[in-house]
Structures are given as C-alpha cells and as structure tokens.
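Examination of the molecular architecture
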Amino acid sequence: MSDSVASEKKNVLTGFSPRVFPRPEYMSMVDNLKMMGKEILYQSGFVGSCYTLLMFPLYTIGMTSLRKVLGSDASEKMLFTIAFNVTHLTAYIMWNSLFGLCDYFGYWQQFKLSRKPYMQPNKTLIVQTLIQAFISQVIVNPLLTFYLLFDLFKTCGMSGIDAPLPPVSEIFLVYCFASFFNSFFFYWAHRIFHHSALYATFHKQHHEYRGTMGISAEHAGKYGTVHAGSVVLPCSI
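First things first, this report covers the structure right here in the doc. Every value quoted in this text rests on a predicted model; they were computed, and no experiment measured them.

**Quick notes on the overall build of the protein**
Per the secondary structure count, the protein includes seven helices and two strands. Listed N to C, the secondary structure of the protein is α-β-β-α-α-α-α-α-α in terms of helices and strands. A total of 237 residues make up the protein; the buried ones form 21% of that total. Across the protein, every contact between residues at least 6 apart in sequence was considered, and the portion connecting residues at least 24 apart equals 70%. Just so you have it, the protein exposes about 16500 Å², and 69% of that area is on carbon and sulfur atoms.

Here it is in structure tokens:
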C-alpha cells in the first residue's frame, strides 16, 4: 500500500459517529428538507403509486398462474414466500447484471462515482459475494420468509395476497409513510452496526468493498442474516 493511500485511509475514522478529515461540506437544512420532500412525496408517493397501478394487473396474472402450478391446496404463506423471494431474486439478478455489463463493456462510466485503484474489488471477493448471495437468497431467505416474516407482516396488518388495491389516496399515503419509516430506521440500524461493540462481528465484512457496488449491498458474511434482517427489515415493513 502506497503512503498516499495509507494517509488517505487514516483520514476516515469509522465508528458510531464517523469522523472525516477534512470535514465535507454538507447541504443546508433547507436543501436537505427539499430533497427529503421530493424523495417522499414524488419518488415514493407519486411514482410508487403509479408503478403499483401499472403493475397490479401483472401481479394478478402472476399469482393466478402460481396458484395453478402449486394447486388449490397451496397456502397463502407458501404463495407469499415464493412470490416475495422470486421478486427479490429477479430484481437482484436484473439490476446487478445490467450494472455488471456496463462496467465490463465500459458503458455510462461518466455517471459512476469516481473510484481509486484500491477501491476496485478483486475477483475472489466478487465470487465469494455471489456464492453467499446464492445461499442467502435461494435457501436462507425463503425459510425466514415462511417461518418468520409472513407472520410478522400479517401482524403488522398486511392484506391478503388476493385483496384488491386500496384507494389511490391510501396507496400514496402508505408509500410516503413507508419511505420516511425506512429512511429513518435504515439509517439508525446501519449506524448502530458501526458501533465498536458490533462492527467487527456483524458489519466489517460488508466493508471489504472499499467502493460501493450493487452486489456488495448484501455482503455480510456468516452473520449476514442478522445484518440483513436488522438493516433491511425496515424496508420490508
């Protein structure tokens, strides 16, 4: 490691209250609130509602087809488990494949965050991450969904999988609240994992990636289920 890289890394001290030297320039409170309002009201509320209305017929077709494949005796819990995890796995493969192809062929590199040489992941780390992702998404996550998450979601008020859509105004408000809830609790859950009492055991492996990339989001080692559950659960709820 060169002296310049070592010096640069020393300027960032991780922990529950991370310190960066020199301190970055933060946006003003007014600009921050404007950005938050745009994310909650427009990106989550408006766009989310439009997307839901457009995709609901496809969802209905998918659930009807799944019932035919599994038979009429299939439980709602089983249907939800399959649909929930197939949706997650499909999104994971689709978006990360797109980003990976862009990196491989050099497309749209001008829109990426700048990366220094030491921030580039090596092949071994990428392969390890993909193996862990396969185990997590194909084996661990479906079991957790079936035996834990479905009942938790039902307790929190989740409607039946065949329920009609609620009024558009309700969809909009739910998306707005969910966006705020997720942002707040995701931030604090992630920050808690940077506490010295938890970081080495639960979160350090996640930061083997010096520069963020799509597949690194769920890279958390043998305690990945605890990490992902604590950080991602606010998104799901």
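**Structural notes on the packing of aromatic side chains**
In total, this model carries 15 aromatic pairs according to the counting rule given. Centre to centre, the rings of F80 and F84 are 5.3 Å apart; their planes meet at 25°, and the pair counts as stacked. Remark: F84 and F80 occur in helix α3 (residues 76-105); sequence separation between them is four residues, near one turn of the helix. Overall, the relative accessible area of 10% leaves F80 in the buried class. Between Y104 and F105, the aromatic rings sit 5.0 Å apart at their centres with planes inclined by 85°, giving edge-to-face as the arrangement. Taking relative accessible area as the criterion, Y104 reaches 67% and is therefore assigned exposed. Judged by relative accessible area, F105 falls into the partly exposed class, the value being 49%. Here the aromatic residues F177, F180, F181, F184 and F185 are joined through ring pairs into a cluster of three or more.

**Focus on the nonpolar core**
One recurring pattern in soluble globular proteins: nonpolar side chains tend to sit buried together. Counting residues in each nonpolar core, the largest one holds nine residues, listed as M63, L66, A74, L79, F80, L149, F150, F153 and I161. Elements with a contribution of two residues or more to this core: α2 (29-70), α3 and α4 (123-155). Per-element accounting of this core gives the leading share, three residues, to α4. Apart from the residues within four sequence positions on either side, M63 is in contact with L79, A83 and I161. In this structure, Y92, L125, Y209 and I215 belong to the second largest nonpolar core, which totals five residues.

**Looking at α3**
Helical geometry note: an α-helix holds 3.6 residues per turn, so side chains three or four residues apart project in the same direction. For α3, which comprises 30 residues, the first-to-last C-alpha distance of 43 Å matches the rise-based estimate of 44 Å (1.5 Å per residue) to within 8%. L79, F80, T81, N85, Y92, N96 and C102 are the residues of α3 that are buried. Turning to α3, the residues buried within the fold contact α2 and α4. Looking at the residues trailing α3, positive phi occurs at G106, about 80°.

**Section: the pattern of salt bridges**
This structure, assessed with the given rule, holds four salt bridges. Of the charged contacts in the structure, one is a salt bridge between K77 and D151, with a shortest N-O distance of 3.4 Å. Pair noted here: K77 is in helix α3 and D151 is in helix α4, with a separation of 74 residues, a long-range link.

**Regarding the environment of I192**
For I192, the position within the fold is in helix α5 (residues 168-192). Looking at I192, the relative accessible area reads 41%, which means it is partly exposed.

Calculation criteria
- Residues numbered from 1 in each chain as written.
- Predicted model: local features only at pLDDT ≥ 70, side-chain atom pairs only at ≥ 80, totals over all residues.
- Heavy atoms only, no water.
- Helix = DSSP H or I, 4+ residues; strand = E, 2+ residues; numbered from the N terminus.
- Buried < 20%, exposed > 50% of the residue type's maximum accessible area, 1.4 Å probe, protein only.
- Contact = heavy atoms within 4.5 Å.
- Areas by Shrake-Rupley, 256 points an atom, 1.4 Å probe, with all protein chains shown as cover.
- Phe/Tyr/Trp six-rings, centres within 6.5 Å; stacked < 30°, edge-to-face > 60°.
- Core = buried A, V, L, I, M, F, W, Y, C linked by side-chain atoms within 4.5 Å.
- Expected span 1.5 Å × (residues − 1).
- Salt bridge = Lys/Arg side-chain N within 4 Å of Asp/Glu carboxyl O.

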